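Survey of secondary and tertiary structure
So the chains spell out like this:
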Amino acid sequence: MHKVSVIGAGTMGNGIAHVFIQNGFTVNLIDVNAAQLEKAIQTIEKNIDRQIAKGAVTEEQRKNALANLTTFTDMALGVQGADLVVEAATENIDLKLNIFKQLDSLAPANAVLATNTSSISITRIAAVTKRASQVIGMHFMNPVPVMKLVEIINGYATAQTITDAIVALSKQLGKVPCVVNDYPGFIANRILMPMINEAIYSLYEGIAGVNEIDTIMKLGMAHPMGPLQLADFIGLDTCHAILNVLYEGFGNPKYAPCPLLTNMVTAGYLGVKTGEGFYKYTAGSKELVVSDRFSS
């Protein structure tokens, strides 16, 4: 695989594109929003410059990497000649199904179609295509250029040859692939999201405050980031959506989102992306300030 198309130029999409171009792959980054594509290029350039400052990348490598990247607003043009398409659009089932229906008719017949979904069924996505054996989950972690893990998810019909190829490809990218099967939340979010939800329930029930909950998990369990701060970083709307996938997929009330999380998402307090969640975020500041709504 040499030519890769990435669908979606948001945080995950530009991170995925960054990793591929830095490892010698030709990448077409596709988004319907031209302004988003421009922002993605600026983000990639800034992140590579940060790597240069740390001595991890040379100016020549920067030049070569950026030369490997082309942007498109037209999906049909963007997937021409692709060996692999990685979809990294918003975590919305209807949107993803629509994208894969289009990809099935637009992408080359031999192309592997991968999704960066963190919770949505690979089998369900593959079912809208005529190439279910070539559809696979390729769940990168955020921030993509830094995090080593790629959770590779086999759909019910994914061919072993495709799995083997994606495992090998992930290693080429300097990542550590872990292969799992297609059940709600896979492994990463099946374990992570109930922990985050339980932390939110602990706050909701008044057992402890935001700072106390996160400090206990950081200092007591050696987590680099507390679960409430992590939820803000992921996006409370994304956490809510994944918990609903787990709840609906298993029919078990233990996965139901905490009412506090539901209220925060409904009110638009989504964490870092909106400037406030469990903490308040100010551009340029790294200080962690608990939201006034939760401070004593």
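What you see is a predicted model; the values in this text were computed from it and never measured.

1. A short note on the layout of surface pockets
- Approximately 290 Å³ is the volume attributed to the second largest pocket.
- Along its surface, the second largest pocket is lined by 15 residues, and Ile93, Ile120, Arg124, Val245 and Glu248 are the ones closest to its centre.
- If you list the elements that add at least two residues to the lining of the second largest pocket, you get α5 (93–106) and α11 (236–250).
- Examining the composition of the lining of the second largest pocket, we find that six residues originate from one element, α11, more than from any other.

2. So, the nonpolar core
- Core analysis: the biggest nonpolar cluster contains 35 residues, and Phe20, Val27, Leu84, Met138, Phe140 and Ile166 have the highest contact counts within it.
- In terms of residue count, the dominant contributor to this core is helix α1 (residues 11–22) (six residues).
- Apart from the residues lying within four places of it in its own chain, the contact partners of Met138 are Phe20, Val86, Ala114, Thr115, Asn116, Val150, Glu151, Ile153, Ile166, Leu169 and Ser170.
- Counting 22 residues, the second-largest nonpolar core is a separate cluster that includes Ile200, Cys258, Met264 and Phe278.

3. Quick look at the packing of aromatic side chains
- If you walk through the whole model with that rule in mind, you get four aromatic pairs.
- Where Phe20 meets Phe25, the ring centres are 5.2 Å apart and the plane angle is 85°; that geometry is what we call edge-to-face.
- You can call Phe20 buried: its relative accessible area is 0%.
- Residue class for Phe25 comes out buried when judged on its relative accessible area of 4%.

4. Quick look at the domain arrangement of the protein
- Domain boundaries in the protein define domain 1 (3–181) and domain 2 (187–294).
- Domain 1 and domain 2 are separated by 27 Å when their C-alpha centres are compared.
- The interface of domain 1 with domain 2 comprises eight residues on the first partner and six residues on the second.
- For the pairing of domain 1 and domain 2, the buried interface totals around 590 Å² over both sides, and the portion due to carbon and sulfur atoms is 62%.
- Contact with domain 2 buries surface across domain 1, with Ser118, Ser119 and Glu151 losing the most and accounting together for 52% of the total.
- If you look at where domain 1 meets domain 2, you find three residue pairs in polar contact (both at pLDDT 80 or more).
- Here the residues of the side of domain 1 that touches domain 2 sort into three nonpolar, four polar and one charged.

Conventions and cut-offs
Residues numbered from 1 in each chain as written. Predicted model: local features only at pLDDT ≥ 70, side-chain atom pairs only at ≥ 80, totals over all residues. Heavy atoms only, no water. 1 Å grid on protein atoms, 1.4 Å probe; cavity = no way out; pocket = protein on both sides within 12 Å on 5 of 7 lines; lining within 4 Å. Points joined across faces, edges and corners; volume = space filled by probe spheres on them. Helix = DSSP H or I, 4+ residues; strand = E, 2+ residues; numbered from the N terminus. Core = buried A, V, L, I, M, F, W, Y, C linked by side-chain atoms within 4.5 Å. Buried < 20%, exposed > 50% of the residue type's maximum accessible area, 1.4 Å probe, protein only. Contact = heavy atoms within 4.5 Å. Phe/Tyr/Trp six-rings, centres within 6.5 Å; stacked < 30°, edge-to-face > 60°. Domains from an automatic or database assignment. Buried area = accessible area lost by both parts, 1.4 Å probe. Polar contact = N/O pair within 3.5 Å; in protein donor to acceptor, adjacent residues only side chain to side chain. Nonpolar A, V, L, I, M, F, W, Y, C, P; charged D, E, K, R; others polar.

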